[in-house]
Amino acid sequence: MTSKPILQVIDGDSAGYFTLVGWFALFVLAGLGAAWYMEHNGHFVTGMSNQIVWGTPHVFAVFLIVAASGALNVASMASVFNKSAYKPLAPLSALLALALLAGGLAVLVLDLGRPDRLIVAMTTYNFKSIFAWNIYLYTGFFFIVGVYLWLMMERRMVRYSKPAGLFAFIWRLALTTGTGSIFGFLVARQAYDAAIMAPLFIVMSFSFGLAIFLLVLMASYHWTGRPLGDYVLRRLGKLLGVFAAAVLYFTTVQHLTNLYASEHHGVEGFILAGGSVYTALFWVGQVIIGGIIPLAILFHPVTAGSRSWIGLASALVIIGGLAQVYVIIIGGQAFPLLLFPGMEESSSFFDGQVATYAPSLPEVMLGVSGVALALILVAVAIKILPFLPQTLDDASIDPHFKAEPAEADASDEEEEDAAGVGETAEATPGT
Amino acid sequence: MKHGRIIGFLLVLLGLLLAAPMPVLAGDVPLPHPVKAVKGSQCVEPVDTMRREHMNFLKHQRDDTLRGGIRGAKHSLRQCIDCHAIPDPKGASKDRTVGPFCTSCHEYAAVSIDCFQCHTAKAEDGGKQSSRWRHKAGGENLLSELRTHLQGSTKEARP
Amino acid sequence: MNRLTDATRRKLLKGAAALSTLALAPGVMLVRPAVARETGKPATSNVRWGLLIDTAKCDAGCDTCVTACRTENGWTGHDRPQTDPQWIRKVTVTDKRSGAALSLPVMCQHCAEPPCVDVCPTGASMKRADGIVLVDKHICIGCRYCMMACPFKARSFVHEDVTDQKPHAPRGKGTVESCTFCVHRVDDGRMPACVEACTEKAGRGAMIFGDLNDPNSDIAKAVSKHVTTRIRADLGLDQGVMYRGF
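Below is a summary of the structure that appears in this document. (Residues numbered from 1 in each chain as written. Chains lettered and ligands numbered in written order. Predicted model: local features only at pLDDT ≥ 70, side-chain atom pairs only at ≥ 80, totals over all residues.)

Secondary structure summary: chain B contains seven helices and two strands in total. Listing the helices and strands of chain B from first to last along the sequence gives α-α-α-α-β-β-α-α-α. Residues counted as buried form 20% of the 159 residues belonging to chain B. Counted over contacts in chain B with a minimum sequence separation of 6, partners at least 24 positions apart contribute 53%. (Helix = DSSP H or I, 4+ residues; strand = E, 2+ residues; numbered from the N terminus. Buried ≥ 20, exposed ≤ 12 C-beta atoms within 10 Å, placed from the backbone. Contact = placed C-beta atoms within 7 Å.)

Attention now moves to the interface of chain C and chain A. Between chain C and chain A, the residue contacts involve 46 residues of the former and 38 residues of the latter. Within the residue set of the side of chain C that touches chain A, elements represented by two or more residues are strand E2 (88-95), helix H3 (115-119), helix H4 (145-149) and strand E6 (156-157) of chain C. Across the side of chain C that touches chain A, the residue classes break down as 22 nonpolar, 12 polar and 12 charged. Where strand E2 (residues 343-347) of chain A lies against E2 of chain C, five bridges are found, and the strand directions are antiparallel. The partner of Ser347 of chain A across the bridge, within E2 of chain C, is Val91 of chain C. (Nonpolar A, V, L, I, M, F, W, Y, C, P; charged D, E, K, R; others polar. Pairing = 2+ DSSP bridges.)

The next thing to look at is the nonpolar core. Of all hydrophobic cores here, the largest spans 205 residues; its most connected members are Leu64, Leu96 and Leu100 of chain A. Take this core: its biggest share by element is 17 residues, from helix H8 (residues 197-224) of chain A. Apart from the residues lying within four places of it in its own chain, the contact partners of Leu100 of chain A are Leu64, Ala67, Ala68, Ala71, Ile212 and Ala374 of chain A. In this structure, Ala85, Phe101, Ala121 and Ala123 of chain B belong to the second largest nonpolar core, which totals 10 residues. (Core = buried A, V, L, I, M, F, W, Y, C linked by C-beta atoms within 7 Å.)

Attention now goes to the pairing of strand E1 (residues 49-54) of chain C. Residue and element names in this part refer to chain C. The buried fraction of E1 is high, at six of six residues. Both faces of E1 are covered, namely the face carrying Trp49, Leu51 and Ile53 and the face carrying Gly50, Leu52 and Asp54. Inspection of the sheet shows E1 paired to strand E8 (residues 207-211) by five bridges, in the antiparallel sense. When the sheet's bridge partners are listed, Leu51 is paired in E8 with Phe209.

To continue, consider the sheet that holds E2 of chain C. An order of E2(A)-E2(C)-E3(C) is seen for the three strands of this open sheet, with the pairing classed as antiparallel. Single-partner strands in this sheet number two, and they are E2 of chain A together with strand E3 (101-107) of chain C. Adjacent strand axes in the sheet meet at a mean angle of 30° when their direction is disregarded. Note: E2 of chain C against E3 of chain C, seven bridges, orientation antiparallel. Paired with Val93 of chain C across the bridge in E3 of chain C is Leu102 of chain C. Taken strand by strand, helix H2 (residues 64-73) of chain C contacts E2 and E3 of chain C, and its axis lies near 160° from that of E2 of chain C. (Axes fitted to C-alpha atoms, helices over the stretch in contact; angles between N-to-C directions.)

Residues and elements named next belong to chain C. The strand order E8-E1-E9 describes an open sheet built from three strands, whose pairing is mixed. The open sheet has two edge strands with one neighbour each: E8 and strand E9 (241-244). When the angles between neighbouring strand axes are averaged without regard to direction, this sheet yields 20°. Seen against the sheet, helix H7 (residues 218-225) touches E1, E8 and E9 and runs at an angle of roughly 110° to E8.

Before going further, it helps to examine the packing of helix H10 (residues 265-273) of chain A against helix H11 (residues 277-299) of chain A. All names here are of chain A. For the pair H10 and H11, the least separation of the axes is 6 Å and the interaxial angle reads 65°. Taken together, H10 and H11 sit at an angle that is classed as roughly perpendicular. Between H10 and H11, the contacting residues are Ile271, Leu272 and Ala273 on the first element and Tyr278, Thr279 and Phe282 on the second. Grouping the amino acids of the contact of H10 with H11 by side-chain chemistry returns five nonpolar, one polar and no charged. (Parallel < 35°, antiparallel > 145°, perpendicular 65-115°, else oblique.)

Next up, the structure:
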């Protein structure tokens, strides 16, 4: 039996901590400034136009929202799939999920043409709109994961954390289905309008969320000087490899299906072979940097066990993920709408032309501020409440520590739930 | 020590909050006196009712008109503008504008409105006869329109 | 108060229409799609407004309808073609193989099943009972999902401040807008500005506007005589705007 890791707040009084939080705050402020600039002048100061109506802010927002539900992976594995090794990490996983969603939604809201009317969006609903469903899915996610987090961290309630974890798991699948369907339901555009968008977004969320979780985990343990064993990292690294492969698989199916229909040859040719920035982002960004290289790293015997290689692979998955969302959102809009299939179109409104788009500085600042907001929330939260286990060294996590650390995969699934986080969460904010 | 600082901060904050409305209590900010309507002698509702309820009337009718297609009801923003717009106080343009009428109270009450981000605040003068929607009751209005046509009169018909 | 029965009032309305036609200067024909809807009465689904465009009568060099719309609704730009709004535009459609081309105006197609209305989270994008698709700018939050969803690129986002709006066509920064079928004119018993201009200014008569539900209307007669088609008819959106000749 492993010893029970204790959750403990970080000290958070070092110069390094305040520098880090200071930088995040600066980026958040810059994002707010950018949003004010865009709203004050109107969106013409951005790269967005009547052709590319959703731009870089939406790339960041969708990426963060998708990653948010994926960040819950680790908690789900602990609560839903009884992987006891992850139980000490479940609260951090849920916290990161909430923080990423907050960051993504902040960007989305600040890019609205009328952000001052947020109250309208929260009170007036058209229930046929997938967007309106998503508002419920997002607020519901905050509520459910919040309750789940509380159940995990409150010793007297911990026995209820398993059903809550299951509910949160189902909800996050619904949430990513909703996010993918924002595009899947768009009958008008050649690049979207496909049922595969929903499952594609789900595997994307698994992959992006886990990659961010790994980096946050490594960084916080490195900076706080807490022991972090290879066991957890190697297992999560392997899992990331599986998810990255799944993203490649779903992407392949997405494009193969489209390539079979001559109706979609135009848009597929544009993305896959058009020679535009989207072609480069797809092949180099998504497939090679975000897919093949991480897979090679995570499954090659030399690199698979190394934490710096796992860290690199996680960073590459994130870069590839941003490239993928960029290609989906902006590449999908850049290809012109086909009003008259089979005919050539031209007009003063750019009919029949590939739309031009270059991200503007305010857009990038707004998007990056969403990432900064998510990270500052995590940094502050782990100082106030005990989210991080005191130690994650192999002896305290790996149930077969004395045996072979890296291959102890199967037998720990039957571990009893009661040995989980609740009892480990003894540390109170005061410690 | 730490607590002392927090209490001190709260006291300063409380002081600021109390001080903020002081000028009003002291009568430094005069009560607004919105300009009298340029046209017409009688508003569509009693003045007291309008002061209290105009936003509800306008909101109700905006939905009726835009979403339901009901035209010619009496709580019309265009009708407000038609009567209450005054010559531009800055003299920048010849058009009458309803801006000063609205802002005189809205600034005092610190209630910001976004009506005129989309709607024009200017009255529809400039010679063109405005649409029949300005009138209260369609039947009477049409009769007078008819009468106007028959008489060949260019004078604006009023019910 | 002098209350008229509906029947008499309608007679009066028709009389007023006839009289106003007479009263106008010779040579100018006042086109009316129908009588104005009565004051205080909502739009109903008894009426379905439609527009038929005969591409054979439409010329590539003519953009009278576009100019008329711009003047009527005041959507002037800032010389920034990427972000300036266009409620109506002339599109040239060319057969890739033969080079045969035609020109036609494209605006909001006023679908019976509008995707923009389906996707709008707040219900700002809406269809009136008589089939006119509008944006309720009072509750539009500027998310632009409708622009993603519209197959016709009919909508524009207002990218900068607007001043001097037309009283009947409010428009403002941060909201989405599109052709309204000149709803203020239609409710008043007049033709949309583009249709009027096509007939009266351009002298082409390429556009017929009217009530598709009224078998005696010009548009219903034309639609029953000639085969018409719709842009992206495969999507099954049942647009109110129809075309002949492509």
